[in-house]
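The lines below spell out each chain.
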Amino acid sequence: MTQIPIGRAPISPRTPIRRALISVYDKTGLEDLASGLHAAGVEITSTGSTAARISAAGVPVTEVEELTGFPECLDGRVKTLHPAVHAGLLADTANPEHEAQLAHLGIEPFQLVVSNLYPFEATVASGASPQECVEQIDIGGPAMVRAAAKNHGSVTVITDPSRYADVLAALAEGGFTRDQRRHLAAEAFAHTAAYDLAVASWFAASYAPDEITRDSGWPQVAGALWRRADVLRYGENPHQRAALYQDLSAERAGLSQSGQGSGIAAAELLHGKPMSYNNYVDADAARRAAYDFTEPCVAIVKHSNPCGIAIGADLADAHAKANACDPASAFGGVIAANGPVTAALARQIADVFTEVVIAPGFDAEALDILSKSKNVRLLRCSLGGDDPPQTPPAPSGGNLLAAMEWRPVSGGILLQTADRVNEPGDDPANGELKAGPAATPAQLADLAFAWKACRSVKSNAILLASGGASVGVGMGQVNRVDSSRLAVLRAGDRAVGSVAASDAYFPFADGFEILAQAGVAAVVEPGGSIRDHLTITAAQDAGVALYFTGVRHFYH
């Protein structure tokens, strides 16, 4: 997890740590922390299995029930919910009245709380039963964390094991400063806020008051939490401010490790200047295009649209074919490859000015070749093992926004399941031949490639392909006729004998007729227009194979 640099805060008086309360589900690094605290003379109070682990490490520990005089009960549901604990957490030690009340009650204050919560999100993600999920809703943990965070003037709160080194360093310096405690309190409130959002969203989806809502799988309320990862130089235009945030949901659910998520926001910059807002937008579009394929694939993107996409025998072959689609537009583009960049591919990329290269890895020689240019940015971005391409996530409450595509609108957001090319009709070979001669095996292979590649082109989208590569792309036009003209114009002579994919049906035959007149041999489209018969007739007259998939892939 990207940490707040607590050591860089202005110096303020430090609060020595004399007593610590530790209660953690994730026991990573627990023994080393406890040993370091004990060596510094800190008295440790703990609960249940946490206390047992500390004791087994040879570190003296006081069980909470010794402190409260009340045993843990109800299968551990009640452990720390007691005035002897929470008064020690919430007492403002700078307030003489609080000090006096503690003395009267015989309660000693805590200066450190270390707590992380039951794995609710991971339990939901595992497919556990509703009752098993309910049992992982933490009560005492959030109460302790929030109490300590509220009282950060007197108490330090730690919710992440990666912070344990900071604790040991602070012990050597006499404790944490107030500014450091404030930063840690902010982390703690974010921790509990994300937890509560996950519980609320899951509950709303699992226990909706009416059967219609419950059966829909969509919760009544949904929330998400993002952590700022970077402040960008500016936004889409220089007068706009911008920042990059990372979604915490998958990480908190245990679906990915920190910094190793599948999205572009988690990509690692290996070389080059910092990414801009527009770099990220184009990089995400390139990733969407290339990472859909299992065959070696390279996509070249400008302004969120592929100006070339191809599969090949290897990535160098795929890149050469993709670049040949529209070399003029490829200049200054963003390239994504769905496999490690090799030296052969790197040499080809180095010959063309490129803004960003995204790949799951870079060979050492490739990295050396590309790093010679100070202008190219090299991003290592996971293929998405925690979110496999073409696997549509089902609405499930807990971390709704992590699993869905969302778009802000004025006053709210729109949510939808991700569009994947994996419906039964998405293979043209399984589609319905509506007119013309049956496509040859080579044509069917190109139709399948074109159909999958077309998904990443902004609507209205027409993509011409030949030999596993795009040869002409018409995108983002307000009518399908203009998209068809643009694709044919860019293809030129390469349109002859090519195949075409249209992301939605032809409302009239005119767009199709432009493709047929250019020499396109086969076309795949969803069908579904009330005037489909006009397109079918035009295809029959032209002798062009026409396949309907029954699936639309708009990308607005």
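Residues numbered from 1 in each chain as written. Predicted model: local features only at pLDDT ≥ 70, side-chain atom pairs only at ≥ 80, totals over all residues. Heavy atoms only, no water.

Glancing now at the overall build of the protein. Counting its regular elements, the protein contains 22 helices and 23 strands. A buried classification covers 48% of the 556 residues belonging to the protein. Within the protein, contacts between residues at least 6 apart in sequence are counted, and of these 58% link residues at least 24 apart. (Helix = DSSP H or I, 4+ residues; strand = E, 2+ residues; numbered from the N terminus. Buried < 20%, exposed > 50% of the residue type's maximum accessible area, 1.4 Å probe, protein only. Contact = heavy atoms within 4.5 Å.)

This part is about the confidence of the model for the protein. Chain-level pLDDT for the protein is 84 on average; 86% of the residues reach the 70-or-more range. Overall, residues 253–260 carries pLDDT values under 50, and its contacts beyond four positions in sequence, including any with other chains, amount to 17 contacts. Counting interchain partners and residues more than four positions distant, the pLDDT-below-50 stretch residues 385–401 has 57 contacts. (pLDDT = per-residue confidence, 0-100.)

Attention now goes to the nonpolar core. Counting residues in each nonpolar core, the largest one holds 47 residues, and the members touching the most others are Ile264, Ile309, Ile358, Leu379 and Leu463. The next biggest cluster of nonpolar side chains, apart from the first, holds 25 residues, and it includes Ile300, Leu315, Val357 and Leu378. (Core = buried A, V, L, I, M, F, W, Y, C linked by side-chain atoms within 4.5 Å.)

Applying the stated criterion across every chain yields a total of five aromatic pairs. When the centroid spacing of 5.5 Å and the interplanar angle of 35 degrees are considered together, the rings of Phe293 and Phe449 count as tilted. Here the residue Phe293 occupies a position in the loop between helix 13 (277–290) and strand 11 (297–302), and Phe449 occupies one in helix 19 (residues 441–454), the gap between them amounting to 156 residues. Here Phe506 and Phe512 contribute two aromatic rings whose centre-to-centre distance is 6.2 Å and whose plane-to-plane angle is 85 degrees, an arrangement assigned as edge-to-face. With respect to burial, Phe506 and Phe512 carry one shared label: buried. Note that Arg288 overlies the ring of Tyr555, its terminal NZ or CZ placed 3.8 Å from the centroid. (Phe/Tyr/Trp six-rings, centres within 6.5 Å; stacked < 30°, edge-to-face > 60°. Lys NZ or Arg CZ within 6 Å of the ring centre and 35° of its normal.)

This next bit is on the side chain of Ser456. Its location among the elements puts Ser456 in the loop between helix 19 and strand 19 (462–466). There is a polar contact of 2.9 Å between the side chain of Ser456 and the backbone oxygen of Ala453. Residues contacting Ser456, with those up to four places away along its chain left out, are Arg288, Ala289, Ser304, Pro306 and Tyr555. (Polar contact = N/O pair within 3.5 Å; in protein donor to acceptor, adjacent residues only side chain to side chain.)

Turning our eyes to something else, we now look at the environment of Ala435. When you line up the elements, Ala435 lands in strand 18 (residues 432–435). On the accessibility criterion, Ala435 (2% relative accessible area) is buried. Spatially, the C-alpha atom of Ala435 lies 5.1 Å from that of Gln540, the residues being 105 residues apart in sequence. Setting aside residues up to four positions removed in sequence, Ala435 forms contacts with Ile536, Ala539, Gln540, Val544, Ala545 and Leu546.

What follows is about helix 19. Taking 1.5 Å per residue as the helical rise, helix 19 with its 14 residues ought to reach 20 Å, and the 20 Å between its terminal C-alpha atoms agrees with that figure. Next to the buried residues of helix 19 lie strand 12 (305–311), strand 19, strand 20 (469–474), strand 21 (499–502), strand 22 (522–525) and strand 23 (545–548). (Expected span 1.5 Å × (residues − 1).)

Turning our attention to the sheet that holds strand 2 (residues 19–24). Read across the sheet, five strands follow the order 4-3-2-5-6 without closing on themselves; strand pairing throughout is parallel. Two strands in the sheet have a free side with no partner beyond their single neighbour: strand 4 (62–63) and strand 6 (156–158). The pairing of strand 2 with strand 3 (residues 43–46) spans four bridges and is classified as parallel. Pairing of Arg19 across the sheet is with Glu43, part of strand 3. Sheet strands touched by helix 9 (residues 164–172): strand 2, strand 5 (112–116) and strand 6. Its angle to strand 5, the strand with the most contacts, is close to 170 degrees. (Pairing = 2+ DSSP bridges. Axes fitted to C-alpha atoms, helices over the stretch in contact; angles between N-to-C directions.)

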